[in-house]
Amino acid sequence: MTKPTKVAVLVLIAIFQAPGGWQMSDASADYHAIQEVRSWTELLDELKQDPDQKEAYSSLIQLARDVLEQPIVQRVYRYEDVGKHRTWLDGRAKPLESEIQATFALAMSDFSASGIIAREMPLLAAAYRLTGEQEFRDRLVLQLSQVATWSPLQRPGWTCFYPGRRLPADGKDGNWLATGQGVRAMADALEILPSGAIESGLREQLEKLLEQEIISIVDDWETKRPWFVSSNNPVTNQWVLPTEGLVRACLLLGVENHREAYELGVENLLKSLSVHGVHGEFEEGFGYATFTVTSMVHAAHAMAVAGDRRALDHPFLQNFPTWIVHHLQPGEMVINCFDAGGAARGGGSHLKPLLSLISVCTGNQVARWALEHRLDGPSLDIAGLTARSLPSVDVEDAPPLFASYEHAARVNWRDSWDDDAAGVWVRGGHRLDQHDHQDRGHVNLIVK
């Protein structure tokens, strides 16, 4: 037996023999508690009064100033303009036939543009609320005025990503990722802005756009237009993002005015939460989770602020932080099974934004512990800034060193949470796996 093999066997034996080692970690035990859910407006107003957060506060304002140095994001309408005005040209468009080339490229440019405004518009709104400086408001109004013309938020064509594909006869392939990110950008910005910060005419334009988005999303589910609806696949982010858009738009315009649409959105969100593991394991691995669960948390938080905790208290969402923190392995490595990229990922620093968001929106103790004791603090964004004001978590309150996740078909263990620990993870397979990239049977061992 070779030396590495002997070491692997010894580590696996250690897991077997560890006190309580093969007991499933109870991810829900004392790691979360029902807490008062506060809006971003309340959180920012409280932060403004906290002198201990002056440095983080200044860093956030500087990020907003950096945005002022950039031109606004503009929608483009011709293939030759994709890549201009801070839009993105998806390389898959280049070999496509002329009949679908522009259609696909424009649809994908909507996705990238919505991601930018989802980051920048709430940041500008927060900077204006915190400082009262008119330049932040003016820039935000300029961007909102541009967004008000983006109807629909997601243009058709995202399904035409390879030669031979064409749109259906009615020219529609359904709402998609830009729908959720675009609605989030508007909803967060309008919530954070002080009352009366934008003119009533612009507000009416934005609300009219959101009304049309609600009608369109509901129609997608009634007609089963997108592939993920016709195949009833609530796992994919493509199901979740339009669902977030529907929920957020209904909340912004008034649930009682859109009760059926809102309940459809909540039903679809709960389906997505329920399709994953009850212990918090995400069907597609943590790479896709960082995008999809971010959408889930934004929707669940907005619902809870309005008094509806059905999503925020769901077992998956409450237990998910423990599952994702268990990806942190010794030596600044991460468990990278499924479609999750390389194992050397900066010690998991890329998880900061999601864990910061979860910390603020749910109060989850594991998320807060990881930020404080494993990741050098929260992210530099609105969620991270407000997370810095949360109570400290003792280092002894770490999650279990061992876990066995049935739905993720994975066992993971480390002998301590120190950087020079030893750790092992073993990946099996599950019949519902998506994006697993043939990594079943993987054994990964780290020794000191």
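This text follows the structure it describes.
Residues numbered from 1 in each chain as written. Predicted model: local features only at pLDDT ≥ 70, side-chain atom pairs only at ≥ 80, totals over all residues. Heavy atoms only, no water.

Asks: If you had to explain the overall build of the chain to someone new, which residues and values would you point to?
Replies: Helix and strand counts for the chain stand at 15 helices and 6 strands. In terms of C-alpha radius of gyration, the chain reaches 23 Å, essentially the compact-globule figure of 22 Å for 448 residues. By principal-axis analysis of the C-alpha atoms, the chain measures approximately 70 × 60 × 40 Å. For the chain, with 448 residues in total, the buried portion stands at 55%. Intrachain contacts of the chain at a sequence separation of at least 6 include 70% that bridge at least 24 residues. Total accessible area on the chain is roughly 19000 Å²; 51% of this is exposed by carbon and sulfur atoms. (Helix = DSSP H or I, 4+ residues; strand = E, 2+ residues; numbered from the N terminus. Rg over C-alpha atoms; globule rule 2.2 N^0.38 Å. Buried < 20%, exposed > 50% of the residue type's maximum accessible area, 1.4 Å probe, protein only. Contact = heavy atoms within 4.5 Å. Areas by Shrake-Rupley, 256 points an atom, 1.4 Å probe, with all protein chains shown as cover.)

Asks: Give me the pattern of salt bridges: which residues, what numbers.
Replies: Under the counting rule described, the total for this entry stands at 31 salt bridges. Taking the shortest distance from any N to any O, the salt bridge between R129 and D45 comes out at 2.8 Å. Highlighted residues: R129 in helix α4 (residues 98-131) and D45 in helix α2 (residues 40-48), separated in sequence by 84 residues. By relative accessible area, which is 18% here, R129 ends up buried. Of the residues examined, D45 reaches a relative accessible area of 30% and is grouped as partly exposed. One continuous salt-bridge network, built from bridges that share partners, spans E256, R259, E263, D308 and R310. (Salt bridge = Lys/Arg side-chain N within 4 Å of Asp/Glu carboxyl O.)

Asks: Account for unusual backbone geometry, naming residues and giving values.
Replies: The omega torsion across S151 and P152 is 0°, close enough to zero to call that bond cis. Mapped onto the secondary structure, P152 falls in the loop between α5 (134-147) and α6 (177-192). With a phi angle near 65°, R86 is a residue other than glycine that sits in the positive phi range. Its location among the elements puts R86 in the loop between α3 (54-68) and α4. In this model, K224 sits at a positive phi of 55°, which is unusual for a non-glycine residue. Looking at the secondary structure, you find K224 in the loop between α7 (200-223) and α8 (227-230).

Asks: Hey, could you go over the packing of α6 against helix α11 (residues 286-305) for me, with residue numbers and the actual values?
Replies: It is at 12 Å that the axes of α6 and α11 come closest, and there the two elements cross at 45°. The pairing of α6 with α11 is recorded here as oblique in orientation. The crossing of α6 and α11 is left-handed. Residues L177, Q181, R184 and D188 of α6 lie in contact with α11, whose contacting residues are F291, T294, S295 and H298. Here the residues of the contact of α6 with α11 are counted per class, giving 2 nonpolar, 4 polar and 2 charged. (Axes fitted to C-alpha atoms, helices over the stretch in contact; angles between N-to-C directions. Parallel < 35°, antiparallel > 145°, perpendicular 65-115°, else oblique. Left-handed = near helix turned anticlockwise from the far one by under 90°. Nonpolar A, V, L, I, M, F, W, Y, C, P; charged D, E, K, R; others polar.)

Asks: So what's going on with α3? Residues and values would help.
Replies: Between the first and last C-alpha of α3 there are 21 Å, a value that for 15 residues agrees with the 21 Å anticipated at 1.5 Å per step. Within α3, burial applies to A56, Y57, L60, I61, A64 and V67. Taken end-on, α3 shows its buried residues confined to a sector of 140°, consistent with a single buried face. With respect to the buried face of α3, the exposed residues turned more than 90 degrees away are K54 and E55. Contacts from the buried residues of α3 go to α2, α4, α5 and α15 (382-387). (Expected span 1.5 Å × (residues − 1). Arc of directions from axis to C-beta.)

Asks: Kindly report on the sheet that holds strand β6 (residues 443-446), identifying the contributing residues and their values.
Replies: Strand pairing in a sheet relies on backbone hydrogen bonds, with the paired strands running either antiparallel or parallel. The strand order β3-β4-β5-β6 describes an open sheet built from 4 strands, whose pairing is antiparallel. Of all strands in the sheet, those with a lone pairing partner are β3 (402-405) and β6, marking the two edges. For this sheet, the mean angle separating the axes of adjacent strands, direction not counted, is 5°. Across 4 bridges, the pairing between β3 and strand β4 (residues 410-414) is antiparallel. When the sheet's bridge partners are listed, Y405 is paired in β4 with R410. (Pairing = 2+ DSSP bridges.)

Asks: Outline the environment of Y405, listing residues and values.
Replies: With respect to the element layout, Y405 can be found in strand β3. Its relative accessible area of 1% is what places Y405 among the buried residues. Each C-alpha atom of the pair Y405 and V76 lies 45 Å from the other, and the pair is 329 residues apart in sequence. A distance of 2.8 Å separates a polar atom in the side chain of Y405 from a polar atom in the side chain of H326. (Polar contact = N/O pair within 3.5 Å; in protein donor to acceptor, adjacent residues only side chain to side chain.)

Asks: Summarise the packing of aromatic side chains; cite the residues concerned and give the values.
Replies: Applying the stated rule across the entire model yields 12 aromatic pairs. With centroids separated by 5.8 Å and ring planes inclined at 85°, the aromatic side chains of W227 and F228 adopt a geometry described as edge-to-face. We classify W227 as partly exposed; its relative accessible area is 36%. With a relative accessible area of 0%, F228 lands in the buried category. Taken together through their ring pairs, the aromatic side chains of F111, W158, W176, W221, W227, F228, W239 and F291 make up a single cluster. A cation over an aromatic ring shows up here: R165 above the ring of F161, its NZ or CZ 5.6 Å from the ring centre. (Phe/Tyr/Trp six-rings, centres within 6.5 Å; stacked < 30°, edge-to-face > 60°. Lys NZ or Arg CZ within 6 Å of the ring centre and 35° of its normal.)

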